[in-house]
Amino acid sequence: MNDYRWSDLVMGMAAQFEVELTAEMMTCFAALSGDVNPLHLDDEFAKAAGFQSRVAFGLLTTSFYSRLVGVYLPGKCALLHGIDVEFKLPAYIGDRLTVSGEVVFLNDAYRRLELKARIRNQAGNVISKAAILAGVREP
Amino acid sequence: MDSALIIRDLEPIFADILDQSDLRLTPESSASNVEGWDSLAHINLIVAIEKRYKIKFALGELQDLKNLGEMVTLIQRKTAP
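Here the residue numbering is sequential within each chain, running from 1 through the sequence in written order. Working convention: letters from A go to chains and numbers from 1 go to ligands, in the order in which they are written. Per-residue local features are limited, in this predicted model, to residues with pLDDT of at least 70; the limit for side-chain atom pairs, both in listing and counting, is 80 or more; totals at the level of whole chains, interfaces and linings are taken over all residues.

*Asks:* Quick one: what's the story with the overall build of chain B, residue by residue and with numbers?
*Replies:* Numbered from the N terminus, helices here are DSSP runs of H or I no shorter than four residues, and strands are runs of E no shorter than two. Counting its regular elements, chain B contains four helices and zero strands. Taken from N to C terminus, the helices and strands of chain B fall in the order α-α-α-α. For chain B, whose C-alpha radius of gyration is 12 Å, the value lies close to the compact-globule estimate of 12 Å for 81 residues. With respect to the three principal axes, the spread of C-alpha positions in chain B is 35 × 25 × 20 Å. Counting every position in chain B, which comprises 81 residues, the buried fraction comes to 20%. Residue pairs at least 24 apart in sequence account for 53% of intrachain contacts in chain B once pairs closer than 6 positions are excluded. Atoms considered for the radius of gyration are the C-alpha atoms alone. The globule rule reads 2.2 Å times the number of residues to the power 0.38. Think of it as a crowd count around each C-beta: if 20 or more other C-beta atoms lie within 10 Å the residue is buried, if 12 or fewer it is exposed, and in between it is partly exposed, with C-beta placed from the backbone throughout. The contact criterion used here is simple: two residues whose C-beta atoms, placed from the backbone, lie within 7 Å are in contact.

Encoded structure:
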């Protein structure tokens, strides 16, 4: 886990990691969220709706932005203030996702950073983009 | 820029962040008399002002501000040629 302090952070600083979407993640997310919509749980239903298979929960993939902030940038001292996310393409079980973010604004007075973040699939296509606000606490 | 013009300029920014489409600001507006102006909204307002006027605030400059009028005075000082 990274542990950047406010004084370590500069504009343009970036981080990224990869994660594979699994069926287990889908099962766990359905259980914790209570979202049992068949588009996410039933392959046949999803195919009939025009998708290649069941579609990953948008907020499951969005949860990787939480990891980006809480583990990578800034890491241990992060306090998430907000995420504005826009979904561009569906994600599917087995997709290898690359989650990346870059510092685009730093507010010194309240020690809050803004990240421009993206999640791309293994083909390099953007599945979502996000504007993330996070405070950087004193340890 | 004239203080009244700055307040008019800030109104749509505050209205968006505080989610009040009919918000009207005065020099006496403050967190104590404007609905929704809580601590997190305050950070959002300060960041929006920094971006709008391309200025930076230090925490010490913000801590003693009592109302919007004092904020406008600070903006005028920081944007003065």
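*Asks:* Explain the pairing of strand β4 (residues 112-120) of chain A to me, and be specific about the residues and the numbers.
*Replies:* Residue and element names in this part refer to chain A. With seven of nine residues buried, β4 lies mostly within the body of the structure. Bridge count between strand β3 (residues 96-107) and β4: nine bridges; the pairing is antiparallel. Paired with Glu102 across the bridge in β4 is Lys116. Counting the residues between successive antiparallel strands, the hairpin from β3 to β4 contains four residues, one of them, Arg111, with a positive phi of roughly 50°. With antiparallel pairing between neighbouring strands as the criterion, β4 and strand β5 (residues 126-136) make up a hairpin whose turn holds five residues, including Gly124 at a positive phi of roughly 90°. Two strands qualify as a pair provided that DSSP identifies no fewer than 2 bridges between them.

*Asks:* Which residues make up the packing of helix α1 (residues 3-17) of chain B against helix α4 (residues 68-79) of chain B, and what values go with them?
*Replies:* Residues and elements named next belong to chain B. To obtain an axis, a line is fitted to C-alpha atoms, over the contacting stretch when the element is a helix, and the angle between two such axes runs from 0 to 180 degrees between their N-to-C directions. At a minimum axis distance of 10 Å, the contact between α1 and α4 shows a crossing angle of 105°. Considered as vectors, α1 and α4 are oriented roughly perpendicular to each other. In contact with Ser3, Ile6 and Ile7 of α1, α4 contributes Leu68, Val72, Ile75 and Gln76. Here the residues of the contact of α1 with α4 are counted per class, giving five nonpolar, two polar and no charged. Here the word oblique covers every angle except those under 35 degrees (roughly parallel), over 145 (roughly antiparallel) and from 65 to 115 (roughly perpendicular). Note on residue categories: nonpolar means Ala, Val, Leu, Ile, Met, Phe, Trp, Tyr, Cys or Pro, charged means Asp, Glu, Lys or Arg, and polar means any other residue, Gly included.

*Asks:* Account for the sheet that holds β3 of chain A, with residues named and values stated.
*Replies:* The pairing of strands in a sheet comes from backbone hydrogen bonds and takes either a parallel or an antiparallel form. Residues and elements named next belong to chain A. The antiparallel open sheet is built from five strands, whose spatial order is β1-β3-β4-β5-β2. The sheet is open, and its two edges are formed by β1 (14-20) and β2 (78-87), each paired on a single side. Between one strand axis and the next, the sheet turns by 20° as a mean value, whatever way the strands run. Bridge count between β1 and β3: seven bridges; the pairing is antiparallel.

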